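# Structure at a glance
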Amino acid sequence: AQSVTQLGSHVSVSEGALVLLRCNYSSSVPPYLFWYVQYPNQGLQLLLKYTTGATLVKGINGFEAEFKKSETSFHLTKPSAHMSDAAEYFCAVSHSGGSNYKLTFGKGTLLTVNP
Amino acid sequence: GAGVSQSPSNKVTEKGKDVELRCDPISGHTALYWYRQSLGQGLEFLIYFQGNSAPDKSGLPSDRFSAERTGGSVSTLTIQRTQQEDSAVYLCASSPNQDRLPAGELFFGEGSRLTVL
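Our subject in this report is the structure included herewith. All values derive from a computational prediction rather than experimental measurement. Along each chain, residues carry numbers from 1 onward, in the same order as the chain's sequence is written. Throughout, the order in which chains and ligands are written sets their labels, letters from A for the former and numbers from 1 for the latter. Reporting in this predicted model follows two pLDDT cut-offs: at least 70 for local features of residues, and 80 or more for side-chain atom pairs to be given and counted; totals over whole chains, interfaces and linings ignore these cut-offs and use all residues. With hydrogens and water set aside, each side-chain value is computed from the structure's full complement of heavy atoms.

## Quick notes on the interface of chain B and chain A
Only heavy atoms enter the contact rule, under which two residues are in contact if any of them lie within 4.5 Å. Contacts between the two partners involve 23 residues from chain B and, on the opposite side, 20 residues from chain A. Both faces combined, the contact of chain B with chain A buries some 1,800 Å², and carbon together with sulfur accounts for 55% of it. A salt bridge links Lys102(A) to Asp56(B), with the shortest nitrogen-to-oxygen separation between them at 3.1 Å. Sorting the residues of the side of chain B that touches chain A by element identifies strand 4 (31-38) and strand 5 (42-50) of chain B as the ones contributing at least two each. Strands are runs of DSSP state E lasting at least 2 residues, helices are runs of H or I lasting at least 4, and numbering of each runs from the N terminus. The biggest single contributor to the side of chain B that touches chain A is strand 5 of chain B, with four residues. Counted by class, the side of chain B that touches chain A contains eleven nonpolar, seven polar and five charged residues. Values labelled buried area give the accessible surface lost by two parts on being combined, using a 1.4 Å probe and summing over both. Throughout this description, the term salt bridge denotes a Lys or Arg side-chain nitrogen within 4 Å of a carboxyl oxygen of Asp or Glu. Polar here means any residue other than Ala, Val, Leu, Ile, Met, Phe, Trp, Tyr, Cys and Pro, which are nonpolar, and Asp, Glu, Lys and Arg, which are charged; Gly is therefore polar.

Next up, the structure:
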């Protein structure tokens, strides 16, 4: 069964600093991987996704993530944090086989950006 | 509408009462999902609809929870005899038919925050 682990429920960075949010997954087959962002009192919106092809994927708002099969990781990065990046971030993995319609989400990482 | 619409946005109820939460997905999206978001628990899958059918209800926590979808569009999640542990944000999402591919992007509503006193 697929699962997602996000290391660190809360990450705090200074404005302008590197953002690194960690995600590891377990999957018996090559997965589809996603990062979603949730701003306060809003629904989730897609930041970026990996399906096939290039392992470094770029998303909105300057975020990117790299799929590393050997490490079963899909960490999210942004070179320079902005105050508007403060939100909760969720990593998700698609299922395979008969449950391929389903996404499993990690527990989320709350990003705080300090001035 | 342009996005997934959920109502009510906030619901406060007393323990033991029934509640109904509504989801209006993006027009043309055949797949519809309900997730529950509790503090520190991430998103918990509840139920999946393809059209009006629910091939996966495995995430519904108990028989107090039920959901239906009519006309391949609007869905209602019903919680009977609410308990305090039902307090959470209930998120609805829709997506186009994925055919045989693994799930792609889900489009989420803003959620219905349920508080059971």
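Picking up where we left off.
## Re the pairing of strand 3 (residues 19-24) of chain B
All names here are of chain B. Of the two faces of strand 3, the one holding Val-19, Leu-21 and Cys-23 is buried and the one holding Glu-20, Arg-22 and Asp-24 is not buried anywhere. Any two strands are treated as partners once DSSP identifies two or more bridges connecting them. As defined by bridge partners, strand 1 (residues 5-7) adjoins strand 3 across three bridges and the pair is classed as antiparallel. Among the inter-strand pairings, Ser-5 is bridged to a residue of strand 3, identified as Asp-24. Between buried and exposed lies partly exposed: a residue is buried under 20% and exposed over 50% of the maximum accessible area for its type, with that area taken using a 1.4 Å probe on protein chains only.

## Examining the state of the cysteines
A pair of sulfur atoms, both from cysteines and within 2.5 Å, is called a disulfide here. One pass over the structure, following the stated rule, counts two disulfides over all chains. Shown here is the disulfide that connects Cys23(A) with Cys91(A), its sulfur atoms set 2.0 Å apart. Between Cys23(A) and Cys91(A), the S-S torsion sits near -65°, and that sign places the bridge as left-handed. One end of the pair, Cys23(A), is in strand 3 (residues 19-26); the other, Cys91(A), is in strand 9 (residues 87-94), with 68 residues separating them in the sequence. Each member of the pair, Cys23(A) as well as Cys91(A), is classed as buried. Between the sulfur of Cys23(B) and that of Cys92(B) lies a disulfide, 1.9 Å long from S to S. With the S-S dihedral at roughly -65°, the linkage between Cys23(B) and Cys92(B) falls on the left-handed side. With Cys23(B) in strand 3 and Cys92(B) in strand 9 (residues 88-95), this pair connects stretches of sequence that are 69 residues apart. Exposure remark for Cys92(B): the relative accessible area of 0% places this residue in the buried category.

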